[in-house]
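Coordinate analysis (summary)
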Amino acid sequence: MKSAVSRVVVAVSVVAALGATAACGGGGDDGKDSAKPGAGASKDASTDASKGGAEAAGRLEKAALATGDVKGYKVEKPKTPDASAAAAPAAGKTSPAVCAPLTALLDPDVSAKPKPKSVPEPKAHVGRILTNPGGRALTTTDVGLSAYTRADAERVMADLRTAAKSKKCAAFRVDGRRYLDVKALPAPDKGDEAVSYKLTHRKGEYTARERVTVVRDGSTLLTFDASNLYDPAGVQDDREAEREGMKGIGTPKADEDPKVDTAIIDAQLGKL
């Protein structure tokens, strides 16, 4: 029988790893740029876009959750990618393509993973990782705040709703990873609108289970991705241990699906 302690250490390590453009142009009217029509406008537009993104990032960073905001949860920032690391890979190919929105928002660091062209890029994004040390099922919740234009935010929500309900997305692939058991779930009455769904995929010898809720508040999308690992072999080992009179160690059972804690949603909406 597999070592219970070593299994928990591996599970915790894997769970921890699971662990989301405003531009206005205007050239000068003093004639200085008359030799290069549009040059001033292009430069101003680029500057204004960068400024808008920086302001949005600052607003989201200030609103992001911190330890103490949600009782019982530890809050951490996603690890900053190493500047010397290789460039991020190209966006994964999703098949069927209509399913792309279901995974596009799940990366805690949106900037580190280019999104499919069918999904709008946010102007700014910040993320947090919440864990409940006392949680039996070792659930991790990735919280993402993404700033869009109002039109893009509404478009992403509409596409998410369509994908979650589509029979084509009951099972789909992103490159070599296969997502299964995809299903729309009842969404909470939060923000301006919300979408909830579930999906699973293999992660080594485990099954990663995710429950996702995306809330739109104006032009900001709040993504809550609760995940844990189901270890079929570990569950069987625990059952054998219990039959032999040994105490179980808390391997997540099939009925212990992760849940997005409404306290996390309320706390994040309150800060935003």
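See the structure printed just above.
Heads up: these notes are all about the structure in this document. (Residues numbered from 1 in each chain as written. Predicted model: local features only at pLDDT ≥ 70, side-chain atom pairs only at ≥ 80, totals over all residues. Heavy atoms only, no water.)

Quick look at the state of the cysteines now. Within this structure, the stated rule accounts for one disulfide. Each sulfur in the disulfide pair Cys99 and Cys169 lies 2.1 Å from the other. Between Cys99 and Cys169, the disulfide has an S-S torsion of -100° and is therefore left-handed. Of this pair, Cys99 sits in the loop between β2 (94-95) and α3 (101-104) while Cys169 sits in the loop between α4 (150-165) and β5 (172-174), and the two are 70 residues apart along the sequence. A relative accessible area of 0% means that Cys99 is categorised as buried. Judged by its relative accessible area of 0%, Cys169 falls in the buried class. (Disulfide = S-S within 2.5 Å. Helix = DSSP H or I, 4+ residues; strand = E, 2+ residues; numbered from the N terminus. Buried < 20%, exposed > 50% of the residue type's maximum accessible area, 1.4 Å probe, protein only.)

Following the criterion strictly, the structure yields 13 salt bridges and no others. The salt bridge partner of Arg128 is Glu61, with a shortest N-O separation of 2.5 Å. Of the two residues, Arg128 is situated in strand β3 (residues 124-131) and Glu61 in helix α2 (residues 39-63); the sequence distance between them amounts to 67 residues. Under the relative-accessibility criterion, Arg128 is labelled buried at 7%. Of the charged contacts, one joins Arg150 and Glu154 as a salt bridge, the two residues approaching to 3.0 Å between their closest N and O atoms. Of this pair, Arg150 and Glu154 both sit in helix α4, separated by four residues, roughly a single helical turn. Take Arg150: its relative accessible area is 45%, and that puts it in the partly exposed class. For Glu154, a relative accessible area of 34% translates into the label partly exposed. (Salt bridge = Lys/Arg side-chain N within 4 Å of Asp/Glu carboxyl O.)

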